[in-house]
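Report on the structure
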Amino acid sequence: MSADAHVYPYSERPEVAALVPASVKRLLDVGCSRGGFGAALLRTRPGLHMVGIEADADAAHEAAAHYAEVITGTFPDHLPRDRTYDCIVFNDVLEHLVDPWAALRTAAELLEPNGTVLASIPNVRGLRNLIDLTVRGEWQYVEMGILDRTHLRFFTRRSMVRLFEESGYEIDRIHGIFPLGSRWHVAPILTRLLRDISYLEFVVVARSRHQ
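The following refers to the structure shown. Here, residues in each chain are numbered from 1, in the same order as that chain's written sequence. Where local features are concerned, this predicted model is filtered to residues with pLDDT of at least 70; where side-chain atom pairs are given and counted, the filter is 80 or more; whole-chain, interface and lining totals use all residues. Only hydrogens and water are removed before side-chain values are computed, so all heavy atoms of the structure are retained for them.

Overview of unusual backbone geometry
Most peptide bonds take the trans form, and the phi angle of most residues other than glycine is negative. Cis geometry is adopted by the peptide bond preceding Pro-76, which originates at Phe-75 and carries an omega value of 0 degrees. Numbering goes from the N terminus for both helices and strands, where a helix is a DSSP run of H or I of at least four residues and a strand is a run of E of at least two. Within the secondary structure, Pro-76 is located in the loop between strand S3 (69–72) and strand S4 (85–91). Located in the positive-phi region is Asn-114, a residue other than glycine, with phi close to 65 degrees. Turning to its location among the elements, Asn-114 is positioned in strand S5 (residues 111–122).

Have a look at this one:
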């Protein structure tokens, strides 16, 4: 199992960092890219022990400044299996994998009791994508976004829930991020009425049922 080495620009992902439980002491960042997420956490959580794993060697080298250790390779093939973590993060990673179900099952094996998995996942049912598909008849792959050319899997909010449940997890919460109002100046009331189609992504916070 491996993720494409397609590397996104440096991003700190504060909307995901805010959901990392305060009790976390050891965190694994899968697909840590250039280390922006680790840098954001380090500023507010200086005692947090963070390990990153990244397939792109240049990005992994850049990320090393923000982590206790960065492993160059793919998850889980190049990850030592004798370590455990109380939080494992997949920032826009699962949709790049051939088998995200297997990745989540492996993550559960690496979790401490009551450990947490956080995953930000693009929402293929987002309004702009729906308009392109149903009105314009368009499904155009791009360099970045919901239809990123390297995405192998596509999820709606409902299928995200199914992904985690089928992989042996109980979901604590699902948090919508990047609402329409933040980009298209849509009134907040309209965002609430449109519900899940108004978010570009969701962050899933879950725990393994088998701990």
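Here we look at helix H2 (residues 36–44)
Note that an α-helix has 3.6 residues per turn; residues three or four places apart therefore point the same way. Exposed residues in this analysis have more than 50% of their type's maximum accessible area, buried residues have under 20%, and partly exposed residues fall in between, with area computed by a 1.4 Å probe over protein chains only. Where H2 is concerned, the buried positions are Gly-36, Phe-37, Gly-38, Ala-39, Ala-40 and Leu-41. Where the residues of H2 are buried, they touch helix H1 (14–17), strand S1 (26–30), strand S2 (49–54) and S4. Should any heavy atoms of two residues lie within 4.5 Å, those residues are counted as being in contact.

Remarks on the environment of Gly-47
Within the secondary structure, Gly-47 sits in the loop between H2 and S2. What makes Gly-47 exposed here is its relative accessible area of 75%. Residues Gly-47 and Lys-25, spaced 22 residues apart in sequence, show a C-alpha to C-alpha distance of 7.5 Å.

Re a nonpolar patch on the surface
Residues enter patches when they are more than 30% accessible in relative terms and free of salt bridges; like-charged ones are connected within 9 Å and nonpolar ones (Val, Leu, Ile, Met, Phe, Trp, Tyr) within 5 Å. Accessibility throughout is a Shrake-Rupley quantity obtained with a 1.4 Å probe, and a residue counts as covered only by protein chains that appear here. Within this document, salt bridges are pairs made up of a side-chain nitrogen of Lys or Arg and a carboxyl oxygen of Asp or Glu, the two lying within 4 Å of each other. The grouping of Leu-133, Trp-139 and Tyr-141 at the surface amounts to a nonpolar patch, some 280 Å² of accessible area in total. Looking at where Leu-133 falls in the secondary structure, it is placed in helix H5 (residues 127–134).

Some words on the nonpolar core
Only buried Ala, Val, Leu, Ile, Met, Phe, Trp, Tyr and Cys residues count toward a nonpolar core, and they belong to the same one when joined by side-chain atoms within 4.5 Å. In this structure, Phe-75, Ile-88, Phe-90, Leu-94 and Phe-164 are the most contacted members of the largest nonpolar core, which totals 31 residues. Going through the elements one at a time, S1, S2, S4, helix H4 (100–109), S5, helix H6 (157–166), strand S6 (169–179) and strand S7 (199–208) are the ones with two or more residues in this core.

Details of the packing of H4 against H6
Taken N-terminus to C-terminus, the directions of H4 and H6 make an angle of 50 degrees; their axes are 9 Å apart at the nearest point. If you check the angle between H4 and H6, you find them oblique. For H4 against H6, the interelement crossing comes out right-handed. Within the contact between the two elements, H4 uses Pro-100, Trp-101 and Leu-104 and H6 uses Leu-163, Phe-164 and Glu-166. Polarity classes work like this: nonpolar for Ala, Val, Leu, Ile, Met, Phe, Trp, Tyr, Cys and Pro, charged for Asp, Glu, Lys and Arg, and polar for all others, with Gly in that last group. In terms of residue class, the contact of H4 with H6 is built from 5 nonpolar, no polar and 1 charged. Lines are fitted to the C-alpha atoms to define the axes, a helix being fitted only along its stretch in contact, and any angle between axes, read from their N-to-C directions, falls within 0 to 180 degrees. Our angle categories are set so that under 35 degrees counts as roughly parallel, over 145 as roughly antiparallel, 65 to 115 as roughly perpendicular, and the remainder as oblique. In this scheme the crossing of two helices becomes right-handed for a clockwise turn of the near helix relative to the far one and left-handed for an anticlockwise turn of less than a right angle.

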